[in-house]
Amino acid sequence: MNTTKRLLLASIVIALCAGCSPNNASSTATIKAVYTVDDAKAFLQKVDTDITRLNKPAAHAAWAYATNINYDNAQVDAYLGEQLSVMWANYAVEAAKFNDVNVDADTRRKLNLLKSGLEIAPPSDPAKAERLATIGSNLAGMYGAGKYCRTESECFSLVEMSAEMAVSRDPALMLEFWEGWRKVSVPMKEIFIEQVSIANEGAKELGYANTSELWRTKYDMPAQEFPKELDRLWGQIQPFYESLHCHVRAELSDYYGEDIVPLDKPIPAHLLGNMWAQSWGNIYDIVKPQQEMNVPDVTKALAEQDYDEIKMVKQAENFFSSLGFDPLPDTFYERSMFQKPQDREVQCHASAWNVDEKDDLRIKMCIQKTGEEFNVIHHELGHNYYQRAYKDQPMLYRGSANSGFHEAIGDTIALSITPTYLQQIGLIDQIPDESNDIGMLLKVALDKIAFIPFGLLVDQWRWQVLAGDITPEQYNTLWWQLREKYQGVAAPVARSIDAFDPGAKYHVPANVSYTRYFLAHILQFQFHKALCDIAGSEEALHRCSIYGSKKAGEALNNMLEMGKSRPWQEAMTTLTGSPNMDASTIQAYFAPLKEWLDKQNEERNCGW
Ligand SMILES: [Zn+2]
């Protein structure tokens, strides 16, 4: 359910400049320029100034397009996005001339961040760079404007179908929408293949083997080590995930019948209450404990108290204010998009922006008045407060310590949306006693633990695709192999030869790397624990809310304002006291639920 994108630069990034590949700098044997530390610093200053200047109109254009999808806005967005990525790419290649200069650590870090900063690298051939930008814009547009039409006159948007799949218990209808949405991505495949090919040319010009290596190089550790680190973390969570999967499959089988949900096979992907089966909170009523659990119904409470979209946002802002953060600027409320407009196509996918990289903070959402969306708003504002905290850093340091941090901050705050907090803000009257915790923990696990293997596999797929390890004919097959291996879910119907199911997930056509969400799901529990300790909470981890703790807010801000000025391990240490990511906090948070699940599963055959 956590599907958000931070759009700092246009989501395009990397290399360009014919004849000046990193290796060329030393090939001019006769007149080799000698660069100094001061040259490197002056170069970085120029990079900072130039990119900051161009980033602003590019961000305005990206916003205009995302909130009003039409031909003209697409042109302007693609043009400025291309200018920005070409500029970045040129500078990234030029940075290589300082490879042999003995610069200080800070200057070296900036040069490295410049080199690896883009996600998609335009090649030096201007025609190819332009084509790459057009493809990016077209893919985003196809996704944003995509809809499924049952008949010529009866069409459904993704928002409408998602809302229906959240509550429907009719397998035929869910299957229709599941298949219908995946027709949107079929025509994406051809230009996606072209995009991969052009982007890899750009990555090579920067000195990377391919875009896959470029993506894995951004984590303050060797690119080949990074996947192993993710495997280690997944290994910590896997037993718990398998317990959850076992219980959910058994209950779904009870509900729909063994012919629809066989007990020894992966779960059909259309029955989990979510278009991508990535989070399962919407089927809580099917899998919940038999014993009556008093779990606060936030959706109902919001309706009863006449919360509209603005009031939901103000309440989320209030949480951050209670931690000591300054209020959001007036322009946030003037310029944000909170509701789906009636008169035009927009990208409803929730995102948070800092358009001028100073104070022009905004969110873009099509808010639905539900408890889930109330959480998403907290999540998006987490991005905004992070963006504001590091706004005074140099341009190359304005960003997430590693890609997971940005996604984790808002979710960390949302973990504090406990019954205690809901009572404090008047949304519920009474705090349910601890005997109800299994219900609450199961709900959180359905959203967050169910998500973790999905968060891992999207880039497992892309790393292989971007590295050229598989052919386009294998794209969809590999996708479903990974879905089955990690998630234990399967396509409910055989997929046709031209299907491109990964493209039905926003981050693939939008070219946003996905590992950030996997990392965020680990990090948020570590951050939550650290902040609860700082706030002096004596409650169990899953009952702790840091609402109102200025001390916790200060500790959080100390990490946020670092941006990426230091390796993420140091940012991590600033808040948690440890440089390591560690999923054992998840085990601690969900300990009572694991015990309960194991008991439910005693007589069941688990696995798939
Ligand atoms: Zn996000």
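Note: the structure precedes this text.
Residues numbered from 1 in each chain as written. Predicted model: local features only at pLDDT ≥ 70, side-chain atom pairs only at ≥ 80, totals over all residues. Heavy atoms only, no water.

Topic: the overall build of the protein chain
Moving on, step 1. For the protein chain, the count of helices and strands is 24 helices and seven strands.
Moving on, step 2. Taking 2.2 N^0.38 as the reference for a compact globule, 608 residues should give roughly 25 Å; the C-alpha atoms of the protein chain span a radius of gyration of 24 Å, in line with that estimate.
Moving on, step 3. Expressed as a percentage of the 608 residues in the protein chain, the buried residues total 59%.
Moving on, step 4. Sequence-distant contacts in the protein chain: of pairs separated by 6 or more residues, those separated by 24 or more amount to 80%.
Moving on, step 5. Looking at the protein chain as shown, the accessible area adds up to about 23,800 Å², and 48% of this sits on carbon and sulfur atoms.
Moving on, step 6. The protein chain carries 58 positive and 81 negative side-chain charges, and their two centres are separated by 4 Å. (Helix = DSSP H or I, 4+ residues; strand = E, 2+ residues; numbered from the N terminus. Rg over C-alpha atoms; globule rule 2.2 N^0.38 Å. Buried < 20%, exposed > 50% of the residue type's maximum accessible area, 1.4 Å probe, protein only. Contact = heavy atoms within 4.5 Å. Areas by Shrake-Rupley, 256 points an atom, 1.4 Å probe, with all protein chains shown as cover. Lys, Arg positive; Asp, Glu negative; His and termini not counted. Charge placed at Lys NZ, Arg CZ, Asp CG, Glu CD.)

A few points about the coordination of the zinc ion
Moving on, step 1. The protein atoms donating to the zinc ion are His379 (NE2), His383 (NE2) and Glu407 (OE), with metal-donor distances spanning 1.9 to 2.1 Å.
Moving on, step 2. Taken in chain order, the donor set of the zinc ion reads H-x3-H-x23-E. Of the two residues, His379 sits in helix α14 (residues 371-389) while Glu407 sits in helix α15 (residues 403-415), which places them 28 residues apart along the sequence.
Moving on, step 3. What makes His379 buried here is its relative accessible area of 2%.
Moving on, step 4. A relative accessible area of 1% places Glu407 in the buried class. (Donors = N, O, S within 2.8 Å, 3.2 Å for Na, K, Ca; no water.)

Here we look at unusual backbone geometry
Moving on, step 1. Its identity is not glycine, yet Glu357 carries a phi of approximately 60°, on the positive side.
Moving on, step 2. Mapping Glu357 onto the fold places it in the loop between β5 (351-354) and β6 (361-364).
Moving on, step 3. Relative accessible area serves as the criterion here: at 6%, Glu357 is assigned to the buried category.
Moving on, step 4. The backbone of Asn511 shows a phi angle near 60°, a positive value even though the residue is not glycine.
Moving on, step 5. Of note, Asn511 is situated in the loop between β7 (489-490) and α20 (515-535).
Moving on, step 6. On the basis of relative accessibility, which here comes to 5%, the residue Asn511 falls in the buried class.

A closer look at helix α12 (residues 309-322)
Moving on, step 1. End to end, α12 covers 20 Å across 14 residues, agreeing with the expected 20 Å (1.5 Å per residue, within 8%).
Moving on, step 2. By the burial criterion, the buried members of α12 are Glu309, Met312, Val313, Gln315, Ala316, Glu317, Phe319, Phe320 and Ser322.
Moving on, step 3. Two or three places before Ile310, at the start of α12, stands the capping residue Asp308, its side-chain oxygen 3.3 Å from that residue's backbone nitrogen.
Moving on, step 4. Backbone geometry just downstream of α12 places Gly324 in the positive-phi region, at approximately 105°. (Expected span 1.5 Å × (residues − 1). Polar contact = N/O pair within 3.5 Å; in protein donor to acceptor, adjacent residues only side chain to side chain.)

Let's talk about the state of the cysteines
Simply put, the disulfide is a covalent bond whose two ends are the sulfur atoms of two cysteines.
Moving on, step 1. Summed over all chains, the structure comprises four disulfides.
Moving on, step 2. One disulfide bridge connects Cys149 with Cys155, the sulfur atoms lying 2.0 Å from each other. In this structure, the disulfide formed by Cys149 and Cys155 twists by about 100° around the S-S bond and is classed as right-handed.
Moving on, step 3. The partly exposed category is assigned to Cys155, whose relative accessible area is 29%. (Disulfide = S-S within 2.5 Å.)

Digging into the pattern of salt bridges
Moving on, step 1. Using the criterion set out here, one finds 27 salt bridges in the structure.
Moving on, step 2. Put simply, Glu251 and Arg604 hold a salt bridge, and the shortest N to O gap is 3.1 Å. Of this pair, Glu251 sits in helix α9 (residues 226-256) while Arg604 sits in the segment after α24 (591-600), and the two are 353 residues apart along the sequence.
Moving on, step 3. The exposure class of Arg604 is partly exposed, given its relative accessible area of 24%.
Moving on, step 4. Ionic pairing is found between Arg398 and Glu357, a salt bridge with its closest N-O pair at 2.7 Å. (Salt bridge = Lys/Arg side-chain N within 4 Å of Asp/Glu carboxyl O.)

A closer look at the packing of aromatic side chains
Moving on, step 1. On inspection of all chains with the given rule, the structure shows 44 aromatic pairs.
Moving on, step 2. Here Phe192 and Trp461 contribute two aromatic rings whose centre-to-centre distance is 6.0 Å and whose plane-to-plane angle is 25°, an arrangement assigned as stacked. Of this pair, Phe192 sits in helix α7 (residues 188-205) while Trp461 sits in helix α18 (residues 451-466), placing them 269 residues apart in sequence.
Moving on, step 3. Both rings, one in Trp234 and one in Tyr486, keep their centres 6.2 Å apart while their planes meet at 65°; by these two values the pair is edge-to-face. Here Trp234, found in helix α9, pairs with Tyr486, found in helix α19 (residues 475-487); they are 252 residues apart in sequence, far enough to count as distant. Comparing Trp234 with Tyr486, the two get one shared label, buried.
Moving on, step 4. When the ring centre of Tyr284 is taken as reference, the NZ or CZ atom of Lys443 above it lies at 5.8 Å. (Phe/Tyr/Trp six-rings, centres within 6.5 Å; stacked < 30°, edge-to-face > 60°. Lys NZ or Arg CZ within 6 Å of the ring centre and 35° of its normal.)

What to know about the pairing of β6
Moving on, step 1. Going residue by residue along β6, you find Leu361 and Ile363 tucked away on one face and Arg362 and Lys364 tucked away on the opposite face as well.
Moving on, step 2. In textbook terms, the turn of a hairpin is the stretch between consecutive antiparallel strands, and for β5 and β6 this stretch comprises six residues, one of which, Glu357, has a positive phi near 60°. (Pairing = 2+ DSSP bridges.)

What to know about empty space enclosed by the protein
Moving on, step 1. Per the stated rule, a full pass over the model turns up four cavities of 30 Å³ or more.
Moving on, step 2. Considering only enclosed or pocket space, the second largest cavity measures out at about 100 Å³ in volume.
Moving on, step 3. Forming the boundary of the second largest cavity are Asn294, Val295, Pro296, Pro419, Thr420, Ile431, Pro432, Asp433, Asn436, Asp437, Met440 and Arg543.
Moving on, step 4. At the level of secondary structure, the elements contributing two or more residues to the lining of the second largest cavity comprise α16 (419-424) and α17 (437-448). (1 Å grid on protein atoms, 1.4 Å probe; cavity = no way out; pocket = protein on both sides within 12 Å on 5 of 7 lines; lining within 4 Å. Points joined across faces, edges and corners; volume = space filled by probe spheres on them.)

Side note on the packing of α14 against α15
Moving on, step 1. Between α14 and α15, the shortest axis-to-axis distance is 7 Å and the interhelical angle comes to 130°. As far as their axial angle goes, α15 and α14 are oblique. Note that α14 runs across α15; the crossing there is right-handed. Residues Asn375, His378, His379, Gly382, His383, Tyr386 and Gln387 of α14 form the contact with α15, whose participating residues are Phe405, His406, Glu407, Ile409, Gly410, Asp411, Ile413 and Ala414. (Axes fitted to C-alpha atoms, helices over the stretch in contact; angles between N-to-C directions. Parallel < 35°, antiparallel > 145°, perpendicular 65-115°, else oblique. Left-handed = near helix turned anticlockwise from the far one by under 90°.)

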